[in-house]
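# Residue-level structural notes
Spelled out from the first residue to the last, the chains are:
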Amino acid sequence: MNRKQQYLAKHGRVRQSATSYLSLILKAGGDKSSPNVCGTMSTKQDSLWPRTIAHADMDAFYAAVEQLDDPSLRGKPVLVGPRSNRGVVLTASYEARPYRVGSAMPMAKARRLCPEAAIVPPRFDRYQEVSRTVMDVFATFSPEVEALSLDEAFLDMTGSEQLFGEPKAIGRQLKRAVYEATGGLTATVGLSSTKYVAKVASAYGKPNGLTVVPPKQAKAWLAALSVRWLWGAGPKMQRRLHDLGLRTIGDVAKADPKFLYKELGKAGPHFHALAHAEDPRAVTGHQGGKSIGSEHTLSTDTADTAEIKRHLRRSAETIGRRLRKKGYFALGVGVKLKTADFQLLTRQRRLTEPTDVTEKIYSVGVELLKVFDHQGPFRLVGMAAHALVRSEEQTQLNLFGGSARQRRLEAAIDDLSERYGANIVHRGNDLARPSRARLAATLDFLDDDSVD
Ligand code: DCP
Ligand code: MG
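Residues numbered from 1 in each chain as written. Chains lettered and ligands numbered in written order. Predicted model: local features only at pLDDT ≥ 70, side-chain atom pairs only at ≥ 80, totals over all residues.

### As for the overall build of the protein chain
The helix and strand tally for the protein chain stands at 18 helices and 14 strands. Partitioning the intrachain contacts of the protein chain with sequence separation of at least 6 by distance along the chain shows that 66% fall at a separation of at least 24. (Helix = DSSP H or I, 4+ residues; strand = E, 2+ residues; numbered from the N terminus. Contact = placed C-beta atoms within 7 Å.)

Laid out in structure tokens, this is it:
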């Protein structure tokens, strides 16, 4: 039984799949009880949806949690951030957004623009808790959930029509489930056949929206949107595109890819493909944009579990040390194995609480090792920490609990490693058999420049 079949067996609720649905590209009313629903018409759905990808993002997440917990804040402009004028707004409730305030704006400026807003200091522990609830809901919809941050994720819903119905029905159920599980928070959901279009569709429907873009109509739907909706086009790139006479995504789709490459380098063909609604990336279960990894290409391929575990431990040590040094905690851990015939296999897991503890990362790695179907031999063993969150946020939480002693021990090891080199300290069980990886190529990587 593959994972999807196992999932279907476990959640064996079967619904009649709708074969067609009607909707229009329209934005209907926007109150909390009736979501915005946008979409287009499709007929023989199965053949038109090679993949079904949902993107879900909570509305004004931190501010909405504050309004949920304190009814006196409901319906009012709320800024989450420090009460002092120093620092920035983390987010603004939708009631505050008409005043043109939002995330990352200096608090002093936001208070000037929206003097009547209530200023609420952040409660990260509470946001983590709600995030776990939301991610748990997502996990009941799909075995493939890729969390991008605390409040947003991609869900691969391909083949789930039997269970949840047509895409619009999936979106409705997802929104309802989040609303019910959190006691009243809304998410905006986009559905299409690529990650890119699903994400644009959800941003388009903000707040409390549901936007369904059938793949056949994705290109036409994108065409009217401004180039600022192109993934990866920041303000500087948008100006550059405007200078080239490209104002809409449709303009980019029509442009000659060679011209785009000449003017924009590698970004040119990338934008051209997005403008054609082409985005082959799969929902990976990868836990976030930033990651820290460490992998070893072995001098001799191995199928020996004890040997593989030793490599995992070395990777976990490197990752833990780098997380602590850079001030990050990981919400997800992954294991990567490359078979002797160069097949790349990965498995990820979301943690119940963020960690920077080597032992924890290693123990999740060992658990993940059990869920690989392949027996080896493997030529590469690696681990990565995903969905990194800043430790300043975490220090406000009482996360360490039982692992406080372990953290102190690991801080002492970091100190020794810093002074005498990474190999100076080895755990007793590593000394019994020296690892072959010492002779092997090592790649410690940082997936996203912004981590540095
Ligand atoms: N956040 C932050 N600093 C930022 C951006 C966001 O601390 N520069 C936090 C606060 C947000 C949460 O992350 O509530 C989620 O970010 P989103 O970008 O999803 O923004 P919101 O959920 O607040 O609003 P939206 O409805 O636009 O998704
Ligand atoms: Mg959000």
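### Some remarks on unusual backbone geometry
Residues apart from glycine generally show negative phi values, whereas peptide bonds are mostly found in trans. Note the cis peptide between Lys 206 and Pro 207, where omega equals -15°. Within the element layout of this structure, Pro 207 appears in the loop between α8 (195-204) and β9 (209-212). Cis geometry marks the peptide bond from Gly 376 to Pro 377; its omega dihedral reads 5°. Along the chain, the position of Pro 377 falls in the loop between α15 (358-369) and β13 (378-390). For Arg 100, which is not glycine, the phi torsion reads 60° and is therefore positive. Arg 100 sits in the exposed class, given 12 other C-beta atoms within 10 Å. Backbone geometry places Ala 104, a non-glycine residue, at a positive phi of 75°. (Buried ≥ 20, exposed ≤ 12 C-beta atoms within 10 Å, placed from the backbone.)

### A short note on the sheet that holds strand β3 (residues 78-80)
Strand order across the open sheet formed by three strands is β4-β3-β5, with mixed pairing between neighbours. Edge positions in the open sheet fall to β4 (91-92) and β5 (118-120), since each of these has one partner strand only. Sheet analysis places β3 next to β5, joined by three bridges and oriented parallel. Paired with Val 80 across the strands is Val 120, a residue of β5. Helix-sheet contacts for helix α3 (residues 61-69) involve β3, β4 and β5, and the interaxial angle to β3 is about 120°. (Pairing = 2+ DSSP bridges. Axes fitted to C-alpha atoms, helices over the stretch in contact; angles between N-to-C directions.)

### Observations concerning the pairing of strand β6 (residues 145-149)
Bridge analysis of β6 against strand β7 (residues 152-156) gives four bridges, and the strand direction is antiparallel. Within β7, the position partnered with Glu 146 by the bridge is Phe 154. Once β6 ends, the chain turns through two residues before running back antiparallel as β7.

### Here's the deal with the site of ligand 1
Around ligand 1, 14 residues are found, and the nearest of them are Phe 61, Tyr 62, Leu 90, Thr 91 and Ser 103. When contributions to the shell around ligand 1 are tallied by element, the ones reaching two or more residues are β2 (53-58) and α3. Looking at side-chain class alone, the shell around ligand 1 contains seven nonpolar, two polar and five charged residues. Residue assignment places the shell around ligand 1 across two domains, with domain 1 (28-58 + 126-215) and domain 2 (61-124) each supplying three or more. (Near = placed C-beta within 6 Å. Nonpolar A, V, L, I, M, F, W, Y, C, P; charged D, E, K, R; others polar. Domains from an automatic or database assignment.)

### What about helix α9 (residues 215-223)?
Within α9, the full set of buried residues consists of Ala 218, Trp 221 and Leu 222. Taken around the axis of α9, the buried residues stretch over an arc of 90°, which confines them to a single face. Of the surrounding elements, those touching the buried residues of α9 are β8 (187-192), α8, α11 (249-254) and α13 (267-275). (Arc of directions from axis to C-beta.)

### A closer look at the nonpolar core
Grouped together as the largest cluster of nonpolar side chains are 99 residues, with contacts concentrated most on Ala 54, Leu 79, Leu 155, Val 197, Ala 330, Ile 361 and Ala 385. Per element, the largest residue contribution to this core is eight residues, and it comes from β13. (Core = buried A, V, L, I, M, F, W, Y, C linked by C-beta atoms within 7 Å.)

### Re the packing of α3 against helix α5 (residues 124-141)
Two numbers describe how α3 lies on α5: the axes approach to 10 Å, and their chain directions differ by 95°. Here α3 is positioned roughly perpendicular relative to α5, judged by the angle of their axes. Contact with α3, carried on its side by Phe 61, Tyr 62 and Val 65, involves Arg 126, Tyr 127 and Val 130 of α5 and no other residues of that element. Partitioning the contact of α3 with α5 into residue classes produces five nonpolar, no polar and one charged. (Parallel < 35°, antiparallel > 145°, perpendicular 65-115°, else oblique.)

### Quick notes on the environment of Val 189
As for its position among the elements, Val 189 is in strand β8. The class for Val 189 is buried, based on 29 C-beta atoms found within 10 Å. For Val 189, the residues in contact, after removing those within four places along its chain, are Ala 54, Ala 56, Gly 171, Leu 174, Lys 175, Ser 202 and Leu 210.

### Things to note about the environment of Arg 83
Mapped onto the fold, Arg 83 is located in the loop between β3 and β4. Taking C-alpha positions, Arg 83 is 9.7 Å from Ala 108, a pair spaced 25 residues apart along the chain. With residues up to four places along the chain from it excluded, the contact list for Arg 83 reads Ile 119 and Pro 121.

So, to be careful, I would describe these as geometric facts and stop short of saying anything about function.
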